[in-house]
Amino acid sequence: MAAPELAQTEPEGIEGVRMTWLNWPRSKVEASKCVIPIATSIQPIRPHVDLQILPYAPLRCKTCSAVLNPFCRVDFTAMIWICPFCFQRNHFPQHYNSISQTNLPAELYPNFPSVEYLIPNYQNSQNFNQSSPIYLFILDTCMIEEELEFAKSSLKRALGMLPENAMVGFISYGTQVQVHELGFSEMSKVYVFRGSKDISKDQVLEQLGLSVSGGRRPGPGMHKGGGGGGPSPVAGAGPGINRFLLPASECEYTLDSLLDELSTDQWPIAPGNRALRCTGVALSVGSGLLSASMAGTGARIILLVGGPCTEGPGSIVSKDLSDPVRSHKDLDKDAAPFFKKAVHFYDELGKQLVNQGHVLDVFASALDQVGIAEMKVAIEKTGGLVVLSESFGHSVFKDSFKRIFEVGGEQSLGLAFNGTLEINCSKDIKVQGIIGPCTSLEKKGPSVASTVIGQGNTTAWKMCGLDKSTCLTIFFDVSSSEKSDPAGPSSQLYLQFLTSYQSSDGQMRLRVTTVTRRWAVGSEDLVQGFDQEVAAVIMARLASYKMEMEEGFDATRWLDRNLIRLCSKFGDYHKDDPASFTLNSFFSLFPQFMFNLRRSQFVQVFNNSPDETAYFRILLNRETISNAVVMIQPSLISYGFDSLPGPALLDVQSIAADRILLLDSYFSVVIFHGMTIAQWRNMGYQNQPENQGFAMLLQAPQEDSQLIIRDRFPVPRLVVCDQHGSQARFLLAKLNPSATYSNAQDMMHPGSDVIFTDDVSLQVFIEHLQRLAVQAS
Amino acid sequence: MATPRGPRPGAFPPNHNPNALANNLQNLQINLSNRQELSNASSGGQQPPPFATGQPCPPPSDAFQRGFAPPVAPGQSTLPPDAMPARPAGPTPVSQPLPFASRPPPPGVLPMGSAPPVAPGQSTLRPDAMPARPTGPTLESQPPSFASRPPPSGVLPSSIGGPAAPRPGPLGPPTPLQMFSNGPAGNGPPAFAPGMMQSGSRPPPPVSNLQRPPPPTMLSSQAPSQPLKTRPGFGGPPTFVSSSVGQPGPPFSTLPRGPMFPGSSNMPPPPGPLTPPPVQGTVQSSGHLHGMQSWPQQLPQVGLSSPTHGAMQLQQLMSGMPPGPPPFPNQSMAMGQTDPSQIDANHIPPYSSSSAVIQHETHMDNHANPPPPATSTYIVKDNGNCSPRYMRCTLNQVPCTVDILSKSKMQLALLVQPLALPHPSEEPIHVVDFGESGPVRCSRCKGYINPFMKFIDQGKRFICNLCGFTGEVPHEYQCNLGPDGRRRDADERPELCRGTVEFIAPEEYMVRDPMPAVFFFLVDVSMHAIQTGATAAACSAISQVIPNLPEGPRTMVAIATFDSTIHFYKLKCAQQQPSILIVPDVQDVYTPLTSDIVVQLDECREHLEILLDSIPGMFQDNRTTDSAFGAAAKAAFLAIKSTGGKLLVFQSILPSIGIGSLFARDAEGRSNTPAGEKEPHKLLQPVDKTLQTMADEFAEYQVCVDLFITTQTYVDVASLSVVPRTTGGQVYYYYPFSALSDLAKLSNDLRWNVTRPQGFEAVMRLRCSEGIQVQEYSGNYNNRNPADVDFPAIDCDKTIMVSLKYNDKLREESGCSFQCALLYTTIYGQRRIRVSTLFLPCTNNLTSLFVAPDLDTLFSCILKQAAKEMTSAPLSRVKDKATKVCINILHSYSMFCATKSSSALLMPEALKFLPLYTLALLKSHGLSSDGRIDERSFWLNYVSPLPTPSVIPLIYPRMIVIHDLDEKELEDSIIPAIIPLSSIHISDEGIYLLENGIDCLVYVGASVQQNVLTRLFGISSVEEISNQFMLQQYDNQLSKKLNDVLNEIRRQRCSYLRLKFCKKGDSSAEAMFLSNMVEDRMPSGAAYADFVALIRSEIRKKKA
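Since the model is a prediction, treat every value here as computed from it, not as a measurement. (Residues numbered from 1 in each chain as written. Chains lettered and ligands numbered in written order. Predicted model: local features only at pLDDT ≥ 70, side-chain atom pairs only at ≥ 80, totals over all residues. Heavy atoms only, no water.)

Participant: Help me understand the overall build of chain A in this model?
Facilitator: When its secondary structure is counted, chain A shows 22 helices and 29 strands. Relative to the globule expectation of 28 Å for 777 residues, the C-alpha radius of gyration of chain A, 28 Å, shows essentially globular dimensions. Counting only C-alpha atoms, chain A reaches 85 × 80 × 60 Å along its principal axes. When the 777 residues of chain A are sorted by exposure, 59% land in the buried category. The long-range share in chain A, meaning contacts at least 24 apart out of those at least 6 apart in sequence, stands at 73%. (Helix = DSSP H or I, 4+ residues; strand = E, 2+ residues; numbered from the N terminus. Rg over C-alpha atoms; globule rule 2.2 N^0.38 Å. Buried < 20%, exposed > 50% of the residue type's maximum accessible area, 1.4 Å probe, protein only. Contact = heavy atoms within 4.5 Å.)

So this is what it looks like as structure tokens:
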């Protein structure tokens, strides 16, 4: 994530928008010839130093409800503005009287394609406080003592970091779900739900005494602790909800002592069986509980889970330890009896959470899988965060977990709630859908394309949770009627993204980003406007999506075919002469991206568990373009005595005995010491005053890695290893296998390494590509 | 017996013995704070020197609290009855019941029987029988051995003092007595009353007893040295004394700790030995109504050959006819000579009962001794046949064929009360350990070894008295036979000389380890319960009972509360404070934890206390009106499913939510609203099967549910009661609940419930001689297979009715045996088998059959059957049927047995109260059509396991006069004479007390003297009595006596009766009181005289 001051140099700019094609193909046919789909990535609430915050409500077009923007034609004398999307003429209201050519409101400044409106009176003022966000912690207790202690201490630290007005709830679960009534002062009080039985929202509400309509319980009644005392920050919500959700300042002590007494799940585990863990029901109960909070209140369910769900709905594996958790093979062969049911369950759960506008975050720490693959749907739909680690004591978990509670400052994730994204676009443009952490709101309109990719069939999406790095990929289609457009050939196309959301401090904001692009005129225009990074990421996202959605989808072939088609179309070559093949610089990196994508965990899933794959994909879909590029093609920096630290080829040949390599593959950061360096280090040279330089050399990659780690969420795993060490595999797996055991004699140069693989190297890949590209068509 | 068990290795806590009772008794006295007062109060009784007790002065009331003869109290206390101090302290069990022959006859015996110490001609082996024998025949036969009979005064038996007067006369040769008696009165019965209770066979000089420390298992209170301290515990503080406001125990300050010892008659045993009746059966008509001893024991062989029946003028009977021999052995009575209009009330047998203590030997001269009336106070000497407390038969002679039985129209059934409370003076039940091999049993019918097994073949084989099979005696159990054919060791082995013994069950009798004693308290905290104070009352009652639960690691407790959800409490000791676990799903419940809910009592006492203190406050503002009884019970059940245990539920409203929820089937809770319901009796049935199914499951896992209903509204008792009934539990019904006045009762009921002798996971089977078999069991139990009765829990108050049927003829000479075996786990975790064997003679003679009926038992069966039918048949049919039973029996009698063809109504003496009881039954609450449906349901439910001794007072309550308590010299009994239930006996100046074992009504006439009011109630006018009026004790004789009377009643009934005040003029209260005047004409039935006339005319019609 870039620091704001660097933002301007970044391709996203103030808009936060990047597109595969800067200049759009004019027709459907043309678009399909372009191979790479027309797609836009947008970071809806990306912070920017120049972003104008406007403390008033936006003006909207009366027909298409697009917001006033710099691309509107304004008639200052008539006090009229013309909507660029529907050409509707709108009058300025009274309070815009004073505008003139020289006195423009910020939203009309051409420099500010993005502005943000702070929406006053969104809720009436005395309710302002009420939208303080809710954090509902759900803690798995089926763990070994040690893990539970780690989890508890992280929780405690988190509580201390929460803003005072944040509302906190707590649920622990194992075989059964225990909802802790924090507002009950007399003694610790817990509602217990059985883990084996699916429970609907209404049942949860009724059983917790929160139902309004049921009338079973008129009020909190017996609970004098919660009902009467103090201002109730969630007033207006279902009755009695503040028995369970209390401001952090009020319940910190209670929760602290509760955590102190909380022990691992007491239910007996039969020998040879897994612990009975009812994650599914715990989530149902949690979301049911939150449904009693006032509509529109942002809330996160923060699930800390230590193993697979084995009890009740959402189970992913049987209780019997001799049945392993499903693998990709099982999924392929349809031999995972729990999978579909569980996915369906989490899908429904996700829908419910979306309706409520609540987020599901999952922090999973286990050596085995916990069911992220099944939960993915709910996490993505709600825009939740997910962190997968091996232990609650691991920094991947600890530091990531801490970061979600940081408010303000660079470290803050800028978590926001209840986002909605709406898109207005020029007449000929249709929206196919979005891949990313959002849910379609099924808002139909003329701009909705008939083919759907991801969350489609709409021009509006819900993002229950979003943060400043959240990134969505929007797929567009163009209709081919433009030539006959009587309105005259417009060379510009317009897109407007309206993102309303509730910031972490509870304010309602509306970010309006309006962009304009040109319709491409001729192939050259297209070539010039190609963004290969975006294209690579979008191909990765699309391939992942298709792998999940389409049965028997062969991602490698699909990618290859598309790459060949692209090269055929945009490469310069003589037919059937591979040697003549060259690619324009706008495309030059793309084949390498594709090469690495083919080899990446997104496509080659069989080295990973379904959970890991799901985890990687969730992050691929929600991260920024630059981060996603790193996921596809890790960056490698080389440190040596003789040169400044600099990027190195992602190739096995970059390994040298006297160098240190820093690999950033997004999920892990590897510091790799060459053999000689490692020996020197082991002999302690860095501690000798005369070898300051060596010490600095050792230090440099450490510092750089910390820079990377600091800004990233989830915190990557840091691997420090030496050449020929076992951990070196984290590096070797990512390198281009230009030197393998088969060609070692030819390729080997002193100090380098070989990779034991049969995979083709980049060079071979490119050779094939050239040959196929020129003979195609 | 306590002592013998000392030496046994690995002996369990001794409590299982009847002696343990004493502990329970103590427990009954709840309020420790009252003890002081108590001891003061009781001092009168205790102080007198031990031997002064022969004095006829009325016993100081407090002395009764032990359930023992007051006058003798001191003496008695020196001699713990069961301790048998004369015995070697630690004899082995077998050696226990030493032949009495070796002892000098007990002093008590001598005077009575006036037989020489060594009776000639009697079997030396059974010296105990001895005194009886000579009496009849040898001595003045006419005044039938006064010894065996209560003296005419009727009060006789009740105290030593009492009898003194009448006794001297008949007493023939009192010499021996003189020698022994220390009492001033020469005739006086023995100072050592206790000794005598052992059927007179314990001769030890009292003095020596004094020194003897009580055996370990004895109640400390029986130890001579401690009476002062412990008595109070027993006697219970005079109920109302402690009402002082400042009392520490908050709401309970007024809690009377009523002693609840039932069986314990206040009376010392009559000095007389338990003697068989004189050969010539005579009607023991005692001079006075209440003194009348209705005891027509006829030994079958006794001159029934030429029965002549005299119709005796009732007047004669009643007017203190001298105890002269009635002309005919087979007494019958005639009433209503001509026609109804002429029936004089005096012609009808007036109700009477004896308060005398009867000494009863179960088996004499190889014959079963007919038991004393169930309602009387008696002390049993078990010498072969089991005590009637454990088993009673409707007929004391078993007809040989089904024809005879059906001709008589009577019913053959047994009432079995396997854990009945013994009288404290009785010998405790012997515990026999056969080791690994278990008790010797018949290899065919599996009957247990008992005194009626006949050993043959030099003791190598035995013939089973039940099935007649000849089996081998296990080698190690063989013993030579004596010349009389008995085993030489018969008297040393309890199982060969006692009708009731307990065997230690070896491993093979267990399917699992004996279960721990688990007590799960489940309290309603819904709004209504909180507001009426029911929750607070329940919590406080529980908190008071906690210290009385058995100590040790085997006692587990748990608490849960419920409204529309179920709240469990985690009581783990490591925790700072208890935490609440709520189970909100009341449709499909579960237990919220596997551990820490049910915890060892020893580990959580403090937490429990805190929790119980805080529950009422915690739910103070509860607005939840729903109650999930069924779900809560189910959830609690799930928590204790693995062990089983007792579930004590406090419920206050109609369960309205969750599993087994109910609805107000009857808008008003009344059955007499004619609206809609065509079959009102359906309201007495459970509404559906849900609760029944649940209860069956509970029972299967040995969970017993007791239900305390503290309500002010309709709760559908009919449906709820299914659960306790099936699981061996009990329903307690407090309606309308008042936190003020019902707290004491609730507390005492709960205390008795958990402290009374009881067993868990019990299985019972009754075996009969060939020819008879069990037709049906009925009572509070679960029936998994037809042969056995399963009780998740059984206690001393539960009775099972066993109806029998014939499958063959019985042989007159061989008699008939019944054996009841109850396998159960004691509260201390020992598995035992209690075996009671009853041997009855058989008869082919219808006439002798009519001598034999045990009216109390017979009527109990009639009552229980009527109660059972109530739910399935219209009320009128049930009433008709009950009436017909009465008519048919009497008709059969007059057809086949009465010779005199008179128009008078002829009744066998034994059945003389049958019409009265029947009439009372017809008018009882349960059978009245205008009662609240819940109350009727409760009544029906209450009746089902009711022990025989409680049946009669329920139907025919006891009424006494209390305004002149201090004026009467009550020689022998605390409780004054009973007056018949007729309004003619009630005057406006009087105050009357009426009790039926459940309620106690105090009726205050309109013009009672003001000073009586002041002394009794501390008020100056009747007007000041309200519904909520509480009785207190004031510092005057009258008030003290009233409290004593009340405590005595409570003790006798084992129940803390609910006290209600009815003043004349308060129409509803007055009506309630008057509805008990069963001899009056009232809307629900005819007057007694009219009823008798009706019966007579019906019989006449039948004859015609």
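Participant: I'm lost on the pattern of salt bridges in this one. Help?
Facilitator: Between side chains of opposite charge, a pair can form when the charged atoms approach closely. Taken as a whole, this structure holds 69 salt bridges over all chains when the rule is applied. B:E502 is the partner of B:R832 in a salt bridge, and the nearest nitrogen-oxygen pair spans 2.7 Å. In this pair, B:R832 is assigned in strand 28 (residues 831–840) and B:E502 in strand 14 (residues 500–504), connecting sequence segments 330 residues apart. Residue class for B:R832 comes out buried when judged on its relative accessible area of 1%. For B:D602, the salt bridge is made with B:R605, and the minimal N-O distance between the two is 3.2 Å. Residue B:D602 and its partner B:R605 are located together in helix 17 (residues 601–618), separated by three residues, close to a single helical turn. The network of salt bridges with common partners includes A:R194, A:K197, B:D585 and B:D588. (Salt bridge = Lys/Arg side-chain N within 4 Å of Asp/Glu carboxyl O.)

Participant: Sorry, what's going on with the sheet that holds strand 1 (residues 17–19) of chain A here?
Facilitator: The strands that make up a sheet are held in pairs by hydrogen bonds between backbone atoms, and each pair lies either parallel or antiparallel. Residue and element names in this part refer to chain A. One open sheet accounts for four strands, arranged 1-2-20-17; its pairing is antiparallel. Both edges of this open sheet fall to strand 1 and strand 17 (429–435), since each of them pairs with a single strand only. With direction set aside, neighbouring strand axes in the sheet form an average angle of 25°. Pairing of strand 1 with strand 2 (residues 39–42) involves three bridges; the strand directions are antiparallel. From the neighbouring strand, V17 faces strand 2, where its bridge partner is I42. (Pairing = 2+ DSSP bridges. Axes fitted to C-alpha atoms, helices over the stretch in contact; angles between N-to-C directions.)

Participant: I keep staring at the sheet that holds strand 10 (residues 430–432) of chain B and nothing clicks. Help me out?
Facilitator: Residue and element names in this part refer to chain B. One open sheet accounts for six strands, arranged 10-14-28-27-23-25; its pairing is mixed. Two strands in the sheet have a free side with no partner beyond their single neighbour: strand 10 and strand 25 (789–795). Each strand axis lies, on average, 30° off the axis of its neighbour in the sheet, ignoring direction. Where strand 23 (residues 758–768) meets strand 27 (residues 816–826), eight bridges bridge the pair, whose relative direction is antiparallel. Across the sheet, M764 pairs through a bridge with L822, a residue of strand 27.

Participant: Would you mind going over the pairing of strand 15 (residues 386–389) of chain A with me for this structure?
Facilitator: Here is the key point about a regular strand: its side chains alternate between the two faces of the sheet. Residues and elements named next belong to chain A. Burial of strand 15 is two-sided: the residues V386 and L388 facing one way and the residues V387 and S389 facing the other way are all buried. Two elements, strand 14 (residues 358–365) and strand 15, share four bridges in a ladder whose sense is parallel. Its bridge partner lying in strand 15, V362 is registered against V386. The parallel pair strand 14 and strand 15, bridged by helix 10 (residues 372–382), forms a crossover whose chirality is right-handed. (Right-handed = clockwise from strand over helix to strand, strands pointing away.)

Participant: I'm lost on unusual backbone geometry in this one. Help?
Facilitator: Trans peptide bonds make up the majority, and among non-glycine residues the majority have a negative phi. In this model, A:F713 is joined to A:P714 through a cis peptide bond whose omega is -5°. Within the secondary structure, A:P714 sits in the loop between helix 19 (692–711) and strand 29 (717–722). In this chain, B:Y735 is followed by B:P736 through a cis amide linkage whose omega measures -15°. For B:P736, the position within the fold is in the loop between strand 22 (731–734) and helix 22 (739–755). One non-glycine residue, A:N418, adopts positive backbone phi at about 50°. With respect to the helices, strands and loops of the structure, A:N418 is situated in strand 16 (residues 416–425). When its relative accessible area of 9% is taken as the criterion, A:N418 is described as buried. The phi torsion at A:Y666 lies on the positive side, around 75°, for a residue other than glycine. Checked against the element boundaries, A:Y666 lands in the loop between strand 27 (660–664) and strand 28 (668–673). Of the residues examined, A:Y666 reaches a relative accessible area of 1% and is grouped as buried.

Participant: What is the right way to look at helix 27 (residues 933–943) of chain B in this model?
Facilitator: Helical geometry: 3.6 residues make up each α-helical turn, so side chains three or four residues apart lie on a common side. Counted residue by residue, helix 27 of chain B has 10 buried out of 11 residues, so it is predominantly covered. Here helix 27 of chain B has its buried residues at B:I933, B:D934, B:R936, B:S937, B:F938, B:W939, B:L940, B:N941, B:Y942 and B:V943.

Participant: How should I be thinking about the confidence of the model for chain A in this particular structure?
Facilitator: Interpreting fine coordinate detail is not advised for predicted regions of low pLDDT. When pLDDT is averaged across chain A, the result is 86; 91% of the residues are at 70 or more. Scored below 50 in pLDDT, residues 122–129 of chain A makes four contacts in the model with residues more than four places away or belonging to other chains. (pLDDT = per-residue confidence, 0-100.)

Participant: Looking at this structure, how should I read the packing of aromatic side chains?
Facilitator: Aromatic rings in a pair are described by how distant their centres are and how their planes are angled relative to each other. Inspection of the entire model under this criterion finds 51 aromatic pairs over all chains. Put simply, the rings of A:Y135, A:F137, A:F363, A:F392, A:F397, A:F401 and A:F405 pair up and form one aromatic cluster. A cation sits over an aromatic face here: A:K189 above A:F184, 4.2 Å from the ring centre. A cation over an aromatic ring shows up here: B:R932 above the ring of B:Y735, its NZ or CZ 3.6 Å from the ring centre. (Phe/Tyr/Trp six-rings, centres within 6.5 Å; stacked < 30°, edge-to-face > 60°. Lys NZ or Arg CZ within 6 Å of the ring centre and 35° of its normal.)

Participant: Mind showing me how you'd approach the packing of helix 13 (residues 532–549) of chain A against helix 17 (residues 625–632) of chain A here?
Facilitator: Residues and elements named next belong to chain A. Orientation of helix 13 relative to helix 17, taken along the N-to-C sense of each, is 65°, at an axis distance of 9 Å. Taken together, the axis directions place helix 13 and helix 17 in an arrangement best described as roughly perpendicular. In this structure, helix 13 meets helix 17 at a crossing whose hand is left-handed. From helix 13, E533, V534, A536, V537, A540 and R541 reach across to helix 17, where they touch I625, A628, V629 and I632. (Parallel < 35°, antiparallel > 145°, perpendicular 65-115°, else oblique. Left-handed = near helix turned anticlockwise from the far one by under 90°.)

Participant: In this structure, what is going on with the interface of chain B and chain A? I would like to understand it.
Facilitator: For an interface, size is often stated in terms of accessible area lost upon the parts coming together. Facing 36 residues of chain B, the contacting portion of chain A comprises 24 residues. Between chain B and chain A, roughly 2600 Å² of surface is buried when both sides are summed, and carbon and sulfur atoms account for 53% of that area. When the buried surface of chain B facing chain A is broken down by residue, B:I582, B:Y590 and B:M618 rank first, second and third, together holding 20% of it. Across the contact surface, chain B and chain A share three salt bridges. At the boundary of chain B and chain A, one finds 11 residue pairs in polar contact (both at pLDDT 80 or more). Mapped onto the side of chain B that touches chain A, the elements with two or more residues apiece are strand 17 (566–570), strand 18 (579–583) and helix 17 of chain B. (Buried area = accessible area lost by both parts, 1.4 Å probe. Polar contact = N/O pair within 3.5 Å; in protein donor to acceptor, adjacent residues only side chain to side chain.)

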